[in-house]
Structure formats: structure tokens, C-alpha cells
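# Structural features, examined
This is what each chain is made of:
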Amino acid sequence: MKKIVYCLLFTCIVFQSFFFSQETKYRRSSLHTMILETDKFPNKEVVFSAFNKAPFPDKYNDHTIKEKTFDPKKYKLTQAEKAGLYKTSKMSKLAGEAVEVDSASRELPLVIEKYFKQEKVANQLVAKWFNRQADGTFDDLLISERGIFNASFLDQKKAMSASDGVALLKTAGFELIDNTFVVVNRFNFVSNEIVARGVRDVAKAEAQNIKIPTAKEAALKAADATYEKTKEGYTVWATSFLYKLVWNDSVAAVFYTDMWIDKSNPDPKKKEAFDNSNMFRLEFVGDEKASSLVTFSLKEKRTEAQIIELATIRTIDAVYSKLQRKYDVFKTKTPLFTGEPPTAKIGLKEGIEAGDKFEVLEAVMDPKTGVVTYKSKAKISVDGDLIWDNRYSDGMENPDETAAKKNIDRTTFKGGKNLYSGLLMFFLFIGLQGLVFSQARKKADKDTEEWRYELEAVQQGVQGTYLIKVWSYSKKPNVAIEQAKKNAVHGIIFKGYTGTSSVSGQKPLTNNVNLEQEKADFFEPFFADGGKYMKYVSMSNDGAIAAEDRMKVGKEYKVGVVVSVSVSTLRKDLEDAGIIKSLNSGF
């Protein structure tokens with residue numbers, strides 16, 4: 001039997017550090033996080049403070065460089081850049097004439113990239129990897145510290161020959177530098193009171209037209225009651241843009257040949273070459289959106305600053321979780337907390353769902369090269385009854401937590417044998433969408449094909465969004481919850497919804513009753529599982545379902561879910577794709 005040689009990574013760090021300091025050292029991806037400066041949310045200083053004080057995502061190495069914020073207004077696009085951005089749009093001519101067209105959503109990714117280039121952010125990330133000093137010299141201390149090699153093994157190799165040391169550095173580059181990310185967060189806070197007040201005023205104005213005194217009085221009281229119920233707290237919207245540092249053969253070759261300097265051989269020309277180089281860059285991976293509704297009306301009375309801080313942290317957690325689930329390159333490894341049964345210190349904050357599947361990995365070191373690799377040891381899945389709700393911290397009370405759930409301080413998994421603490425789990429993302437209810441999914445898809453749902457107005461739309469309740473049907477309530485997102489977008493496009501005494505209804509985006517059939521080549525992949533419809537919809541209040549919104553109807557469930565739909569973005573994308581006519585097509 002081949003003898004497996006375990007490196008210091010596990011023999012020393014895992015079995016000693018893990019049990020005593022509860023920290024496990026392994027090859028994590030590295031991350032730098034930023035927030036866009038904007039005046040469109042309250043108590044800006046509180047938000048920045050919350051962002052800076054928020055615990056750094058513990059599944060990543062903290063690769064923070066000097067700037068955590070920047071003002072996008074300082075990096076305005078030229079008209080040529082705008083024209084290129086809108087070249088596939090009907091508005092391209094107007095863009096060339098300095099007409100702003102949805103600049104927040106369309107131009108922002110290019111603005112971020114312009115900031116990266118001008119400030120040489122990629123150069124700064126590489127410089128941090130190699131602990132670059134003022135004289136331009138580099139070293140390998142950070143790479144050694146982050147566990148790619150046994151530190152003593154690296155020292156031995158470097159002592160034996162300089163070429164071995166350089167070879168190890170190159171290997172380290174591909175193992176570590178190539179997994180360096182930047183996430184830029186854009187926030188928008190909307191005071192619920194502002195929205196509630198507008199809804200109340202409209203409702204009262206309509207009530208004044210009621211001629212029957214008792215009916216008028218009832219309508220006025222209803223408007224006030226709705227206002228009192230919905231005015232507390234904030235709704236926070238976040239969009240996070242994910243970028244990855246480009247590190248490949250050609251970049252590495254130029255860096256090690258033309259720019260690498262160690263302390264024994266300073267070289268001003270190589271220093272200047274690195275300072276002026278435009279070779280390093282960040283590539284756009286993708287973006288995700290998340291929102292949460294945080295109110296003052298909780299068991300524990302909180303100040304406005306606490307509400308904003310909580311909203312900021314929870315939304316960051318939610319959007320990072322979405323990025324990890326959507327993009328394989330950004331997925332993390334998580335250490336097992338215990339092996340029998342397998343548990344881990346992750347939970348709802350990381351987006352864990354019943355049935356999510358993980359591969360368990362074991363670290364192995366090549367005794368000749370010192371390089372650590374991972375081999376598969378088992379596959380485990382989340383026990384839906386034992387998921388840790390770790391979304392609340394710093395003593396903040398979870399108002400929905402039961403006594404039984406309160407004692408859960410880790411998530412438990414099913415499957416796997418002979419596992420032990422410190423082994424790593426890699427998220428395979430086979431949760432609700434595939435593993436737990438594959439048969440139920442077929443029924444849900446059939447329901448979706450028949451579009452069995454109902455839409456109900458909840459709150460007046462702001463910032464180009466609609467807040468609605470979607471009633472979906474399925475034999476599995478969890479499936480109905482997931483299908484609600486798809487149903488919501490379908491309803492906004494094709495059905496619209498009626499209003500109430502306090503919230504106005506909305507017409508569908510198209511009046512063509514045959515459009516879905518006529519554009520089947522577009523809509524079939526659009527509404528497929530994981531399709532583009534997901535870009536425009538998010539759960540409100542983390543998708544929490546009130547008891548009265550989960551009803552048994554015959555052999556199936558009728559479940560009501562409150563969701564937010566970004567209608568302005570949806571409309572614009574459908575217009576650009578030629579699916580629906582532009583509101584401006586008449587001029």
C-alpha cells in the first residue's frame with residue numbers, strides 16, 4: 001500500500017492548532033473587499049464603519065490592500081467608452097450625445113474596471129503576495145505563511161539551489177495567486193417609512209373620493225394601519241461585482257524574468273518595470289444581488305445605527321453566499337469541525353440548504369516537490385433538521401429562533417465514514433435543486449409549465465422594483481418557495497397584478513398574449529432552472545414564510561412568498577434583446 005506522507009499543514013497545524021485555537025490552516029483563496037461611495041443611503045458613516053468592522057469572510061485569506069472604498073464619480077467614462085457600451089442598444093446614438101441611460105447598472109462595471117486600471121489595483125495585489133518593499137524587492141514569506149509548502153521544506157530547497165526556490169515560487173503562484181479575488185459592493189438603502197408614507201398618502205387621497213362616510217373612515221383607518229405596520233426600518237439592496245486576478249504562464253514568465261528582485265540583488269530597472277507595468281489585470285467574473293428587510297419592530301429594541309449595521313452585514317453575507325453558489329471558481333473549502341458525525345461551522349449565513357452536497361478532501365504532500373494536493377475521501381450532504389442559523393451575531397437576538405434551534409451551534413451532515421476534524425469540504429451545490437427533491441422538481445416544473453400561481457401587491461415599488469407576494473403550488477412546500485422566484489418574473493412580464501386600497505396594481509410588460517410562444521427560443525432557456533430570470537428577483541426578508549402563508553390545499557401546499565423584482569432592469573434587458581418594445585420607441 002502506498003504510504004501517504006502528510007505535510008505540516010495537517011500533522012502540526014490541523015491536529016494542534018485546530019484543537020487548541022480552533023483555526024485550520026489550508027490553501028484558501030484570497031480576497032480583497034471594497035464598497036462604492038455613494039450618497040444614496042442614510043448614515044453613510046455608519047455603513048462604512050459596519051463594513052470595515054464586519055468579520056472578514058473566514059473561508060478566505062484577507063488580502064486587503066490600502067483602499068477599501070472609492071468614489072465612482074472620479075472615474076467617469078468618456079463618450080467613446082459609453083458609445084462602445086451602448087453599441088448594441090437602440091440608445092447608442094443618444095449615448096454619443098452624452099445622454100445618461102441607466103448608467104448605474106450599465107456603466108458601473110466599466111467604471112470599476114477603469115478605477116482598477118488607473119490605480120493599478122492588480123499590481124497592488126501582486127505586490128502584497130510577494131511582500132514588496134519600498135526598494136522593489138520581493139520575498140516568499142506570505143506564500144510560506146499561507147500554507148502552500150511546509151516552511152522548513154521550502155527553506156531546505158532554497159538552500160540547496162536557487163532554481164529549486166524559484167520553481168517552488170512559480171508553483172505557489174499557480175496554486176495561490178491565481179485564486180485572488182476582489183469583490184466591489186454597491187449598496188442602496190431605502191427607508192421603509194418613505195415608501196410607507198407615500199403609500200399612505202395615495203390611499204388617503206383615494207379615500208377622500210369615497211362618498212359613504214363609514215366606508216371613507218374605514219379606508220382612512222386602513223391607510224394609517226398599513227403605514228404603522230410597514231414604516232419601521234430599512235430595506236437594503238446590494239449588488240456585488242466579483243473580479244479575479246489574472247495569473248497565467250505568460251504573466252508569470254514576465255514577472256519572474258523582468259521584475260523579480262530579492263534583497264540580495266536590488267535592481268532599479270526591474271523596480272521601474274513593475275511600477276509602470278500594465279500587464280497585471282483583473283477580469284470580471286460576474287455579479288449577484290441580494291436584499292433584506294430589517295425592521296425596528298423586533299423583540300430586542302435597536303437603534304437606527306444598529307439596524308443599518310445589521311442590514312449591511314446580513315446583506316453582505318447573503319450576496320457572498322450567492323456568488324459562491326453561482327461561480328465555481330469562487331467556491332471555498334471548509335474544515336470539518338467534527339468527524340463523527342461530520343459537522344462544520346457554517347450555516348444559513350453561508351446559504352446552506354437541506355441536501356446541499358459537499359466533497360470531503362484529504363491533504364497529501366508530494367515528498368519530492370513539497371506541493372500539497374487534495375484527494376477525495378467522501379461525499380456528505382446537509383441534514384435539513386440540523387442547520388445552524390448563524391446569521392445573528394454580537395448578542396443580537398433571532399426573533400424567529402425556537403428553543404430547539406437555539407442550541408444548534410454547527411451544521412450536521414449525513415454520510416461519510418472514518419472522517420475526522422480538519423478534513424476539508426468542497427461545496428458541490430447539489431442542494432434543493434437536485435438532491436433532496438429531484439422527483440418533486442418534476443412536479444414543480446409541470447406546475448411551472450402550467451404557470452399555476454397568483455400575484456398579490458405588497459408594497460409600492462421604489463427604485464425600479466416591485467415588492468409582491470407570490471402564491472405557488474406544490475406537494476413539497478420548499479419547492480413552491482423556490483418556484484416563487486420563477487413565477488414572480490413570469491407574472492411581471494405576462495400577467496401583472498391588481499392593486500389594493502393602499503397599493504396600486506401594475507400592468508404586465510407586454511400585452512401580446514402569444515409572446516411566450518412566439519419567442520419560445522428565448523423564454524425556454526430564460527425560465528429554465530438556474531436561467532437568467534434569477535438575475536431579476538430576490539427573496540425579501542430572507543424568504544421567511546409566515547405560518548398563515550403556508551396552507552394545505554388538498555394534497556398539495558399553497559405557499560406565499562414575498563419577493564422583490566427589479567423591473568427596470570428586466571424591462572431594459574428585454575428591450576435590448578428585442579423581446580418587448582421600448583417605452584421610448586415612439587420617438
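Residues numbered from 1 in each chain as written. Predicted model: local features only at pLDDT ≥ 70, side-chain atom pairs only at ≥ 80, totals over all residues. Heavy atoms only, no water.

### Observations regarding the overall build of the protein chain
Applicable threshold: A run of H or I in DSSP counts as a helix once it spans at least four residues, and a run of E counts as a strand once it spans at least two, with each numbered from the N terminus. Exposed residues in this analysis have more than 50% of their type's maximum accessible area, buried residues have under 20%, and partly exposed residues fall in between, with area computed by a 1.4 Å probe over protein chains only. Note on definitions: a residue-residue contact is assigned when non-hydrogen atoms from the two residues lie within 4.5 Å. To be clear on the numbers: accessible area is Shrake-Rupley with a 1.4 Å probe, and residue cover counts the displayed protein chains and nothing else.
Looking only at helices and strands, the protein chain has 22 helices and 18 strands in total. Relative to its full complement of 587 residues, the protein chain shows a buried share of 48%. Long-range pairs, those at least 24 residues apart, make up 76% of the contacts in the protein chain between residues at least 6 apart in sequence. Counting every atom, the protein chain has about 28500 Å² of accessible surface; 52% of that belongs to carbon and sulfur.

### Observations concerning the pattern of salt bridges
Stated formally: Here, a salt bridge means any side-chain nitrogen of Lys or Arg that lies within 4 Å of a carboxyl oxygen of Asp or Glu.
Scanning the entire structure with this criterion turns up 14 salt bridges. For arginine 410, the salt bridge identified is with aspartate 409, shortest N-O distance 3.1 Å. Residue class for arginine 410 comes out partly exposed when judged on its relative accessible area of 24%. Residue aspartate 409 is classed as partly exposed on the basis of its relative accessible area, which comes to 33%. For the salt bridge of aspartate 573 with lysine 535, the shortest nitrogen-to-oxygen distance reads 3.0 Å. Linking aspartate 573 in helix H22 (residues 567-576) with lysine 535 in the loop between helix H21 (520-526) and strand S16 (537-539), this pair joins segments that are 38 residues apart in sequence.

### Comments concerning the confidence of the model for the protein chain
Quick note on the threshold: The pLDDT value expresses, per residue, how confident the predictor is, ranging between 0 and 100.
Overall, the predicted model of the protein chain reaches an average pLDDT of 74, with 69% of residues at or above 70. Across the protein chain, the secondary-structure element scoring lowest on mean pLDDT is helix H1 (residues 8-21), at 32, and the one scoring highest is helix H7 (residues 121-129), at 95. Note that residues 87-103 has pLDDT below 50 and, in this model, 26 contacts with residues that lie over four places away or in other chains.

### Some words on unusual backbone geometry
Residue glutamate 340 is joined to proline 341 through a cis peptide bond whose omega torsion reads -5 degrees. By secondary structure assignment, the location of proline 341 is in the loop between strand S8 (338-339) and strand S9 (342-344). Backbone geometry at lysine 120 places phi at a positive 50 degrees, although glycine is not the residue there. With respect to the helices and strands, lysine 120 occurs in the loop between helix H6 (108-119) and H7. Backbone geometry at asparagine 418 places phi at a positive 55 degrees, although glycine is not the residue there. One can find asparagine 418 in the loop between strand S12 (411-414) and strand S13 (424-427). A relative accessible area of 62% means that asparagine 418 is categorised as exposed.

### Focus on the packing of aromatic side chains
Filter applied, for reference: Centres within 6.5 Å make a pair out of two Phe, Tyr or Trp rings, where for Trp the six-membered ring is used; the pair is then stacked when the planes are under 30 degrees apart, edge-to-face when over 60, and tilted otherwise.
Applying the stated criterion to the full structure yields 36 aromatic pairs. Centre to centre, the rings of phenylalanine 255 and tyrosine 256 are 5.1 Å apart; their planes meet at 70 degrees, and the pair counts as edge-to-face. With a centroid separation of 6.2 Å and an interplanar angle of 85 degrees, the aromatic rings of tryptophan 451 and tyrosine 453 are classed as edge-to-face. Classification of tyrosine 453 as buried rests on a relative accessible area of 8%. Members of the aromatic cluster, each reached through a chain of ring pairs, are Trp451, Tyr453, Phe494, Phe522, Phe523, Phe526, Phe527, Tyr533 and Tyr536.

### Considering the side chain of glutamate 288
Positionally, glutamate 288 belongs in strand S6 (residues 282-294). The residues touching glutamate 288, leaving out its near neighbours within four places in the chain, are Ala238, Thr239, Ser240, Val319, Lys322, Leu323 and Lys326.

### Structural notes on the nonpolar core
So the rule is basically this: Put simply, a nonpolar core is a bunch of buried Ala, Val, Leu, Ile, Met, Phe, Trp, Tyr and Cys residues held in one set by side-chain atoms that sit within 4.5 Å of each other.
The biggest cluster of nonpolar side chains holds 38 residues, and the ones touching the most others in it are Phe116, Phe130, Trp247, Phe255, Phe280 and Leu282. The set of elements that each furnish at least two residues to this core consists of strand S1 (30-36), H6, H7, helix H8 (141-145), strand S4 (180-191), strand S5 (234-245) and helix H13 (249-259). Among the elements that take part in this core, H7 stands out by supplying six residues, more than any other. Counting 33 residues, the second largest nonpolar core, distinct from the first, contains Trp451, Val470, Ile493 and Ile580.

### Some remarks on the pairing of S1
Formally: Strands pair, by our definition, only if DSSP identifies at least two bridges between them.
Taken across its seven residues, S1 has seven buried, putting it largely inside the fold. Alternating residues of S1 divide into Ser30, His32, Met34 and Leu36 and Leu31, Thr33 and Ile35, and every residue in both groups is buried. Pairing of S1 with strand S2 (residues 61-62), which is carried by two bridges, proceeds in the parallel orientation. By the bridge assignment for S2, leucine 31 is matched with aspartate 62.

### A few points about the environment of glutamine 208
One can find glutamine 208 in the loop between helix H11 (192-207) and helix H12 (213-230). Residues in contact with glutamine 208, not counting those within four places in the same chain, are Lys216 and Leu220.

### Quick notes on the packing of H13 against helix H14 (residues 268-276)
The cut-off we apply is this: Angles run from 0 to 180 degrees between N-to-C directions of axes, and those axes are lines fitted to C-alpha atoms, restricted for helices to the stretch in contact. By the convention adopted, Pro, Cys, Tyr, Trp, Phe, Met, Ile, Leu, Val and Ala count as nonpolar, Lys, Arg, Asp and Glu as charged, and the other residues, Gly among them, as polar.
Look at H13 against H14: their axes get within 9 Å of each other, and the N-to-C directions meet at 145 degrees. On H14, the residues touching Phe255, Thr257, Asp258 and Met259 of H13 are Lys270, Ala273 and Phe274. Each residue belonging to the contact of H13 with H14 can be placed in one class, and the counts come to four nonpolar, one polar and two charged.

### A closer look at H13
Three- or four-residue spacings in an α-helix give side chains the same orientation, since the helix completes a turn every 3.6 residues. What counts, and what does not: Think of the arc as the fan of directions from the helix axis to the C-beta atoms.
Taken together, the buried positions of H13 are Val251, Ala252, Phe255, Tyr256 and Met259. Seen along its axis, H13 keeps its buried residues to an arc of 120 degrees; they face one direction. Exposed side chains of H13 directed beyond 90 degrees from the buried face belong to Asp249 and Thr257.

### Focus on the environment of methionine 259
The residue methionine 259 is located in helix H13 in this model. With relative accessibility at 4%, the residue methionine 259 sits in the buried group. Sequence separation of methionine 259 and phenylalanine 138 is 121 residues, and the distance between their C-alpha atoms is 9.5 Å. Setting aside anything within four residues of it in sequence, one finds methionine 259 in contact with Phe138, Val254, Lys270, Ala273, Phe274, Ser277, Met279 and Phe280.

### Remarks on the pairing of strand S18 (residues 556-566)
For S18, a buried count of nine out of eleven residues is recorded, marking the element as mostly surrounded by other parts of the structure. Pairing of strand S15 (residues 465-474) with S18 involves ten bridges; the strand directions are antiparallel. Looking at S18, one finds that lysine 469 is bridged to valine 562. Counting the residues in the hairpin turn of strand S17 (residues 550-553) and S18 gives two residues, including glycine 554, whose phi is positive at 65 degrees.

### What about the environment of aspartate 178?
With respect to the helices, strands and loops of the structure, aspartate 178 is situated in the loop between helix H10 (162-175) and S4. On the basis of relative accessible area, aspartate 178 is assigned to the partly exposed category, the value being 22%. Measuring from C-alpha to C-alpha, the distance between aspartate 178 and valine 246 comes to 6.5 Å, with 68 residues separating the pair along the chain.

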